[in-house]
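A structural walkthrough
Below, each chain spelled out in residue letters.
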Amino acid sequence: MTKPQNPVQMAVIGAAHGIKGELRVKTFTGDPLALADYGPLYAKDGRAFQILDIRPAGTVVVVRFKGVSDRNAAEALAGTELFVDRSVLPDDGEEDEFYHADLIGLEVRDDTGVIGRVVAVHNFGGGDILDVTLAGCKGVLIPFTQAAVPHVSIADGFVQVDPLAAGLVDDDESEALGRSGFDPKGRPRGPKDAGGNR
């Protein structure tokens, strides 16, 4: 396989571990050791990485990659993000589990219709957050929770949001502005216009 056409980030390489080329790697897989099950991993520039050995080490795994045999070579890889193509990932996850790559680009709808589009998915440690560009406005961050995003349809290309639970409107504003959370000039309104955090 060549460089992924539809890349999904699986891990990021951290610091060197020891003097024989091993590396500490932070994985984004449910089971950190499953990183070795996806075949070659790829950097953004297309370099391929084959895992020869993997073992747990606290909150990360320690990995030995083919062709990386000393500390200097390992240190040069620190910060490298590792990807696979979306096509190698299974589609049989839990009902409420989604790949970030599948969410990016989906329309965002409320009771009034389409209000924006998902441009990224972040996780700063407190759970997944959808980065949404609202019609003609800067982006807002919406918590990816059942309350804020009650319905996701990858097949139909949209996520349904509850503007109140998503933090797009205040309780008092929801009646005055309607459920869409927009004022007449089309700007998003809410307790935190830029962040949408509750």
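Residues numbered from 1 in each chain as written. Predicted model: local features only at pLDDT ≥ 70, side-chain atom pairs only at ≥ 80, totals over all residues. Heavy atoms only, no water.

Under the definition given, this model contains 1 aromatic pair. Between the aromatic rings of phenylalanine 49 and phenylalanine 65, the centroid separation amounts to 5.5 Å while the plane-to-plane angle is 65°, which identifies the pairing as edge-to-face. Of this pair, phenylalanine 49 sits in strand E4 (residues 48-49) while phenylalanine 65 sits in strand E6 (residues 60-65); the two residues are 16 residues apart in sequence, bridging distant segments of the chain. Above the face of the phenylalanine 158 ring, arginine 109 is positioned so that its terminal group lies 4.0 Å from the ring centre. (Phe/Tyr/Trp six-rings, centres within 6.5 Å; stacked < 30°, edge-to-face > 60°. Helix = DSSP H or I, 4+ residues; strand = E, 2+ residues; numbered from the N terminus. Lys NZ or Arg CZ within 6 Å of the ring centre and 35° of its normal.)

It is worth spelling out the side chain of threonine 29 at this point. Note that threonine 29 resides in the loop between strand E2 (22-27) and strand E3 (41-42). Judged by its relative accessible area of 12%, threonine 29 falls in the buried class. There is a polar contact of 2.8 Å between the side chain of threonine 29 and the backbone oxygen of aspartate 31. Other than its neighbours up to four places away in sequence, threonine 29 contacts Met10, Leu35 and Tyr38. (Buried < 20%, exposed > 50% of the residue type's maximum accessible area, 1.4 Å probe, protein only. Polar contact = N/O pair within 3.5 Å; in protein donor to acceptor, adjacent residues only side chain to side chain. Contact = heavy atoms within 4.5 Å.)

Once that is clear, we can look at the environment of proline 32. Along the chain, proline 32 falls in the loop between E2 and E3. Of the residues examined, proline 32 reaches a relative accessible area of 34% and is grouped as partly exposed. Sequence-wise, proline 32 and threonine 59 are 27 residues apart; in three dimensions their C-alpha atoms are separated by 8.9 Å. Contact partners of proline 32, with chain neighbours within four places excluded, come to Thr27, Ile54 and Val61.

All right, on to the sheet that holds strand E11 (residues 139-143) then. Working definition: the strands of a sheet are paired by backbone hydrogen bonds and lie parallel or antiparallel to each other. Pairing in this open sheet of 6 strands is mixed, and the strands run E11-E10-E9-E8-E13-E12 from one edge to the other. Among the strands making up the open sheet, the edge pair consists of E11 and strand E12 (151-153). Each adjacent strand pair in this sheet contributes to an overall mean axis angle of 35°, direction not counted. In the sheet, strand E8 (residues 107-110) pairs with strand E9 (residues 113-123) via 4 bridges, with the strands oriented antiparallel. What sits directly across from aspartate 110, in E9, is glycine 113. (Pairing = 2+ DSSP bridges. Axes fitted to C-alpha atoms, helices over the stretch in contact; angles between N-to-C directions.)

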